[in-house]
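Understanding the architecture of this molecule
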Amino acid sequence: MRVLVGEDSFHERTALHSPNGAVYELRRNLKKAMYGCVYLGVELDLIHTSPLVYSHCPSFPKKVAIKVVEKRRLFTAAATGSQEDPLKEISVAQYLEDDAHPNLMGQLESISDNTHYYIVMNFSGGGELFDVLDSMHHFSEPQARHYFSQILAGLSHLHSNGVCHRDLSLENALVSEDGLICQIIDFGMSLRFAVNEDGVVLPFPPLGACGKRYYMAPEVFANEAPFSGPLADVWSLGVVLFIMVVGAPPVEFASRGDERFCTLAAGGMRAMVASWGVSNVSEAAFDLLEKILRVDPAERLSLADIRAHPWMQVPH
């Protein structure tokens, strides 16, 4: 097959044949990715064997998302030390395959040929959570709690399996077409972390700035000392909640060179948000955010403590 990676549309529809017998028709480009593109696909049904004829139900097509990765670009990026690696995404999905979670986007299968990798996933018709939020400016707290609790559940499952995400963001959460289900995606920066015999997570050495600027934990941005992958994820989780309820990120970048970060580090979150003209954030939400967005990773709430916080206990 020939895949026109990087183009906005196909001149003709292209079929992807899986070794397990599935056939996917690639319909259109959904978005560009670092190493290729993500396409909307439809799984076809075999209706005739001689000659081979495939079709799909026009009323209820089996939609999938297919991430197409150019091997050439992947190997070039690896030589430059890029931390994003779709092969990690494949390996994490395979590692979690027998322990799937509804709030983590797994893969249906991965396919490879001489020039490309193809990661086949379920299709989430609601798009990125960022776009859902952007259309509303901010969520009501019940809406925020609905999505946040699912992201928290997915991240908890990931950590319980010894994996930190390292790129958690609103852009890396997809929403189902009915808006009810939220799933964490994009494990291309994920890493397995080790735990010692006392159950303490062993730190990573400095690995370079990783993730999106707004969501990056201060210790990751500084890149000066060993850091805990799970605790860096907790900071990113706090930024996700902050943007949900406030409508803007708390910092430009988590460093003393950023005025908002200095305000946050000095305990001035509430005054800063009030100065933006935002008055809809509850006392319980502020309390939770202040306990997550701590500069010292050791002072941040654990995922279990976040789950037990009073703000999380309100029915949604």
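Residues numbered from 1 in each chain as written. Predicted model: local features only at pLDDT ≥ 70, side-chain atom pairs only at ≥ 80, totals over all residues. Heavy atoms only, no water.

**Concerning the confidence of the model for the chain**
Per-residue confidence for the chain averages 87 on the pLDDT scale, and 88% of its residues sit at or above 70. Note on residues 1-12: pLDDT is under 50 here. Beyond four places in sequence and across chains, it has 31 contacts. (pLDDT = per-residue confidence, 0-100. Contact = heavy atoms within 4.5 Å.)

**Topic: the packing of aromatic side chains**
In the structure shown here, the tally under the stated rule is six aromatic pairs. Here Phe148 and Trp311 contribute two aromatic rings whose centre-to-centre distance is 6.2 Å and whose plane-to-plane angle is 70°, an arrangement assigned as edge-to-face. On the criterion of sequence distance, the pair formed by Phe148 in helix α4 (residues 141-160) and Trp311 in helix α11 (residues 310-313) is long-range, its members being 163 residues apart. Considered together, Phe148 and Trp311 belong to a single accessibility category, that of buried residues. Residues Phe242 and Trp276 carry aromatic rings whose centres are separated by 6.2 Å and whose planes lie at 80° to one another, so their mutual orientation is edge-to-face. Here Phe242 is found in helix α6 (residues 229-246), whereas its partner Trp276 is found in the loop between α8 (269-275) and α9 (283-292), with 34 residues between them in sequence. Overall, the relative accessible area of 0% leaves Phe242 in the buried class. The ring of Tyr117 has Lys71 sitting right over it, with the charged end atom 4.7 Å from the ring centre. Over the ring of Trp311 we find Arg145; its NZ or CZ atom is 4.4 Å from the centre of that ring. (Phe/Tyr/Trp six-rings, centres within 6.5 Å; stacked < 30°, edge-to-face > 60°. Helix = DSSP H or I, 4+ residues; strand = E, 2+ residues; numbered from the N terminus. Buried < 20%, exposed > 50% of the residue type's maximum accessible area, 1.4 Å probe, protein only. Lys NZ or Arg CZ within 6 Å of the ring centre and 35° of its normal.)

**Structural notes on the sheet that holds strand β8 (residues 127-128)**
Taken in spatial order, the three strands line up as β8-β10-β11 in an open sheet, and their pairing is antiparallel. The open sheet is flanked by β8 and β11 (182-184), the only strands paired with a single partner. Note that strand β10 (residues 173-175) and β11 share three bridges and pair antiparallel. What sits directly across from Val175, in β11, is Cys182. In the packing of α4 onto the sheet, contacts are made with β10 and β11, and the angle to β11 comes to roughly 35°. (Pairing = 2+ DSSP bridges. Axes fitted to C-alpha atoms, helices over the stretch in contact; angles between N-to-C directions.)

**What to know about the packing of α4 against α6**
Two elements in contact, α4 and α6, have axes separated by 10 Å at closest approach and are oriented at 165°. When the axis of α4 is compared with that of α6, the two are roughly antiparallel. You can see that α4 and α6 cross each other, and the crossing is right-handed. Here Glu141, Ala144, Tyr147, Phe148, Ile151, Leu152, Leu155 and His159 of α4 come into contact with α6, specifically with Pro230, Asp233, Leu237, Val240, Leu241, Met244 and Val245. Partitioning the contact of α4 with α6 into residue classes produces twelve nonpolar, one polar and two charged. (Parallel < 35°, antiparallel > 145°, perpendicular 65-115°, else oblique. Left-handed = near helix turned anticlockwise from the far one by under 90°. Nonpolar A, V, L, I, M, F, W, Y, C, P; charged D, E, K, R; others polar.)

**So, the nonpolar core**
In terms of nonpolar packing, the biggest core is built from 65 residues, with Leu129, Ile151, Leu237, Met244 and Ile306 touching the most fellow members. Take this core: its biggest share by element is twelve residues, from α6. Contact partners of Leu237, with chain neighbours within four places excluded, come to Phe148, Ile151, Leu152, Leu155, Leu168, Leu303 and Ile306. Formed by twelve residues, the second largest nonpolar core is a distinct cluster that contains Tyr24, Tyr39, Tyr118 and Val120. (Core = buried A, V, L, I, M, F, W, Y, C linked by side-chain atoms within 4.5 Å.)

**Comments concerning the packing of α6 against α9**
Their axes nearest at 9 Å, the elements α6 and α9 cross at an angle of 150°. By the angle class used here, α6 and α9 are roughly antiparallel. Considering how the two elements wind past one another, α6 and α9 form a crossing that is left-handed. Between α6 and α9, the residues in contact are Val234, Gly238, Leu241, Phe242 and Val245 and Leu288, Leu289 and Ile292, respectively.

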